[in-house]
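Chains, contacts and geometry: an overview
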Amino acid sequence: MTNLLEVADAEFSYDGATTVFRQVNFQLKKGEILTILGPNGAGKSTLLSCISGFRNLVKGTVTLGGQDLSAVKGRKLAQMVGFVPQSQVRTFDFSVREYIAMGRAPYLGYGKTPSASDYAMVDAVMEQLNLTHLKDKVYTKISGGECQQVLIARVLVQDPQIIMLDEPVNHLDYGNQIRILKLIKRLSTEGYGIIL
Ligand code: ADP
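Report on the accompanying structure. Since this is a predicted model, take the numbers as computed values, not measurements.

1. Some remarks on the pairing of strand β7 (residues 162-165)
Judged by which residues are buried, β7 turns out to be covered on both faces: Ile162 and Met164 on one side and Ile163 and Leu165 on the other are all buried. Bridge count between strand β6 (residues 81-84) and β7: four bridges; the pairing is parallel. Of the residues in β7, the one forming a bridge with valine 84 is leucine 165. Alignment of β7 against strand β8 (residues 193-195), held across three bridges, turns out to be parallel. Bridging from a neighbouring strand, isoleucine 163 pairs with isoleucine 194 of β8. Once the chain exits β7 it traverses helix α6 (residues 174-189) before rejoining the sheet at β8, and the crossover so formed is right-handed.

Structure below.
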């Protein structure tokens, strides 16, 4: 099978003086799960931000679906790469359904609200992840485990090729850790490339 993602000779520095990582090489195929491990400060989050196109490498290339990511910006990038952040301060009282619908943003025109077909996709993903019972709940008032599943649902409606999750089971109790890891495994069998 061809590679979905290829990272070749990647190097990054924030200030031009200290190198955070160099000579990073790996490939990811559809359906594979890659875990990046290392101590605090090793550069894992920085590497993820380079792979997701938020930061540019100082050397090397990131190729996704045959395209050089440094040439892909904005919405196009958001249609290819989904990112589930480590933890979030939850501020606004959106309903869970509205919050998940925000994952459709890269497909909407400026100032446009999600259409019936966008909401149909949101409802289908909530059904798939067994989250339908949460749809009218306030996003700021659900549990940590539920929140993690909602973040994953938001990325699924974004319909990316790869999904990156930054320490997805941090701060979760054992039962929820298992639930999230099983969900991630299932997504890989559905053809997403996954990086943890
Ligand atoms: P990890 O995710 O493995 O804990 P990070 O990628 O967060 O590591 O950090 C790698 C190195 O880059 C650390 O030395 C950190 O201090 C530094 N660093 C992280 N973010 C920035 C930033 N925005 N500006 C400058 N240095 C940073």
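2. Observations regarding the side chain of aspartate 118
With respect to the secondary-structure elements, aspartate 118 resides in helix α4 (residues 116-128). Among the residues examined, aspartate 118 registers a relative accessible area of 7% and is labelled buried. If we ignore the near neighbours within four places in the chain, the residues touching aspartate 118 are Arg104 and Leu108.

3. A word on the side chain of arginine 154
Tracing the backbone shows arginine 154 in helix α5 (residues 144-157). The charged side chain of arginine 154 is buried without a salt bridge, its nearest counter-charge being aspartate 166 at 12 Å. A polar side-chain atom of arginine 154 sits 2.9 Å from a polar atom in the side chain of tyrosine 99.

4. Focus: the site of the ligand
Around the ligand, the neighbouring residues are Tyr14, Val20, Pro39, Asn40, Gly41, Ala42, Gly43, Lys44, Ser45, Thr46 and Arg55. Take glycine 43: an N or O atom from its main chain is 2.9 Å from an oxygen atom of the ligand. Separating an oxygen atom of the ligand from a backbone N or O atom of serine 45 is a distance of 2.8 Å. Summarising the interface, the protein chains cover 54% of the accessible area of the ligand, which totals 560 Å² for the free molecule. Class assignment of the residues belonging to the shell around the ligand gives a composition of four nonpolar, five polar and two charged.

5. Overview of the packing of aromatic side chains
Tallied over the entire structure, the rule returns five aromatic pairs. A centroid spacing of 4.8 Å and a plane angle of 85° characterise the contact between phenylalanine 12 and tyrosine 14, whose relative ring orientation is edge-to-face. Members of the aromatic cluster, connected to one another through ring pairs, are Phe12, Tyr14 and Phe21. Seen from the ring of tyrosine 110, arginine 75 lies directly overhead, with NZ or CZ sitting 4.5 Å from the centre.

Reading the values: rules and limits
Residues numbered from 1 in each chain as written. Predicted model: local features only at pLDDT ≥ 70, side-chain atom pairs only at ≥ 80, totals over all residues. Heavy atoms only, no water. Buried < 20%, exposed > 50% of the residue type's maximum accessible area, 1.4 Å probe, protein only. Helix = DSSP H or I, 4+ residues; strand = E, 2+ residues; numbered from the N terminus. Pairing = 2+ DSSP bridges. Right-handed = clockwise from strand over helix to strand, strands pointing away. Contact = heavy atoms within 4.5 Å. Lys, Arg positive; Asp, Glu negative; His and termini not counted. Salt bridge = Lys/Arg side-chain N within 4 Å of Asp/Glu carboxyl O. Polar contact = N/O pair within 3.5 Å; in protein donor to acceptor, adjacent residues only side chain to side chain. Near = heavy atom within 4 Å. Areas by Shrake-Rupley, 256 points an atom, 1.4 Å probe, with all protein chains shown as cover. Nonpolar A, V, L, I, M, F, W, Y, C, P; charged D, E, K, R; others polar. Phe/Tyr/Trp six-rings, centres within 6.5 Å; stacked < 30°, edge-to-face > 60°. Lys NZ or Arg CZ within 6 Å of the ring centre and 35° of its normal.

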